[in-house]
Each structure stands twice: as structure tokens, then as C-alpha cells.
Amino acid sequence: MNGVPVRSQQNERTRRPAVEFVGVTKTFPGAAGGVGLRELSLTVPAGVVAALVGPNGCGKTTALRIAATLVSPSRGAVRILGADCVREAHRVRRTIGLSLGAMRSFYWRLTAAGNLTFFAALRGVPAARVGRHVRELAEELGVAGALGAPA
């Protein structure tokens, strides 16, 4: 190619990290210990599946709540696909979903597939594409056999 470098065809969305925590701290005045999360810095590239792992009380749920715009950080910044979780919360909320085990996040009378279909419709996914998206996601997560089970 005559020594001319080939430019990447990635668009801006795939180049920037999917999730960024930069020096994030969350304090809860009046709570025992007062600190729910201390100085978390983390970058998750687009296309990577990641897990927060640690002992009880280390701040995993607090970090997820901050990323989901349910709680604001006391210090630091969190960005989802480049959108700031505090200043652009509406944009972040259109991009992500969060289900915490301790909270009722699913409709118990619906199957797993029914819940995913319902929430896809709320998100505006066209009905003609929902079934395919649900199957693809379930296969990717290794839970395709559970789609017909109650949530």
C-alpha cells in the first residue's frame, strides 16, 4: 500500500470506553463509616464484559447505582459511552439498564423472555426485532434455556 497507513474504520462510539469511573468517591454523612465508595478508577472498553467483584460493603452496589444515575458521586466522574452520569443523566438512562438482586426489577408473572420483551418495548425496540434481540442476548449470556421460565 505504498507505506500509507490505513486508518481505522471504528466510529467514535466504539473508540471511547463503554464505562469510565475517574476517582469516584461516595460518602454518606451520618452513616457508620460514612464512605460507601472510595476513589474508584476503572475503564471498561466497548465490547468487553466486566464484573465488579469484592467483599460485602466494598462499594460494588454504590458504584452501579452511580453509573445508573440513581446516586450522585461525592467526588469524581462517571461516564457511560462518553455521557457524564450527573450532567447527562437523561442520555445515560437511555443507554443502560440495571437490575439489582435485592430490588424487584422483574415482573414475576412473566417469563424471562416476557420481561425482556416488555422492557425492549419500553425502550422503543421495534416489535419485529425484539424476538431476535432477546434470543441473541440470551445466547450471549448463556441463559437461552431459561427464557421460558418465570422471572
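Residues numbered from 1 in each chain as written. Predicted model: local features only at pLDDT ≥ 70, side-chain atom pairs only at ≥ 80, totals over all residues. Heavy atoms only, no water.

Q: Help me understand the environment of Arg-93 in this model?
A: The residue Arg-93 is located in helix H3 (residues 89–95) in this model. Residues within four places of Arg-93 in sequence aside, it is in contact with Ala-68 and Thr-69. (Helix = DSSP H or I, 4+ residues; strand = E, 2+ residues; numbered from the N terminus. Contact = heavy atoms within 4.5 Å.)

Q: Looking at this model, I keep getting lost on helix H5 (residues 127–141). Mind explaining?
A: What sets the pattern is the α-helix's 3.6 residues per turn: residues three or four places apart point alike. Here H5 is 15 residues long and its end C-alpha atoms lie 22 Å apart, about the 21 Å a rise of 1.5 Å per residue gives. Within the span of H5, buried status applies to Val-130, Val-134 and Ala-138. Summarising the axial view, the buried residues of H5 lie within an arc of 50 degrees, below the 170-degree limit, and thus occupy one face. Exposed residues pointing more than 90 degrees away from the buried face of H5 are listed as Ala-128, Glu-139 and Glu-140. Contacts made by the buried residues of H5 are with helix H4 (112–123). (Expected span 1.5 Å × (residues − 1). Buried < 20%, exposed > 50% of the residue type's maximum accessible area, 1.4 Å probe, protein only. Arc of directions from axis to C-beta.)

Q: Looking at this structure, how should I read the packing of aromatic side chains?
A: Taken as a whole and judged by the stated rule, the model has 0 aromatic pairs. Sitting above the plane of the Phe-28 ring, Lys-26 keeps its charged end 5.3 Å from the centroid. (Phe/Tyr/Trp six-rings, centres within 6.5 Å; stacked < 30°, edge-to-face > 60°. Lys NZ or Arg CZ within 6 Å of the ring centre and 35° of its normal.)

Q: Sorry if this is basic, but what is going on with the confidence of the model for the chain here?
A: The predicted coordinates should not be examined in detail at positions where pLDDT is low. Taken over all residues, the pLDDT of the chain has a mean of 83, while the share at 70 or more is 84%. Counted against residues more than four places away or in other chains, residues 1–10, with its pLDDT under 50, gives 2 contacts. (pLDDT = per-residue confidence, 0-100.)

Q: Any chance you could explain the pattern of salt bridges here in plain terms?
A: Close approach of charged atoms lets side chains of opposite charge pair. This structure, assessed with the given rule, holds 4 salt bridges. For the salt bridge of Asp-84 with Arg-87, the shortest nitrogen-to-oxygen distance reads 3.8 Å. The class for Asp-84 is buried, based on a relative accessible area of 7%. In this structure, Glu-136 engages Arg-132 in a salt bridge whose closest nitrogen and oxygen atoms are separated by 3.4 Å. Pair noted here: Glu-136 and Arg-132 are both in helix H5, with a separation of 4 residues, about one helical turn. (Salt bridge = Lys/Arg side-chain N within 4 Å of Asp/Glu carboxyl O.)

Q: I keep staring at the sheet that holds strand E4 (residues 83–84) and nothing clicks. Help me out?
A: Strand pairing in a sheet relies on backbone hydrogen bonds. The paired strands run either parallel or antiparallel. Reading across the sheet, the 4 strands line up as E2-E1-E3-E4 and stay open at both edges, with antiparallel pairing between neighbours. Strands with a single pairing partner mark the edges of an open sheet, and in this sheet they are strand E2 (35–44) and E4. Examined bridge by bridge, strand E1 (residues 19–27) and strand E3 (residues 75–80) share 5 bridges and lie antiparallel to one another. Within E3, the residue paired with Glu-20 across the bridge is Arg-79. (Pairing = 2+ DSSP bridges.)

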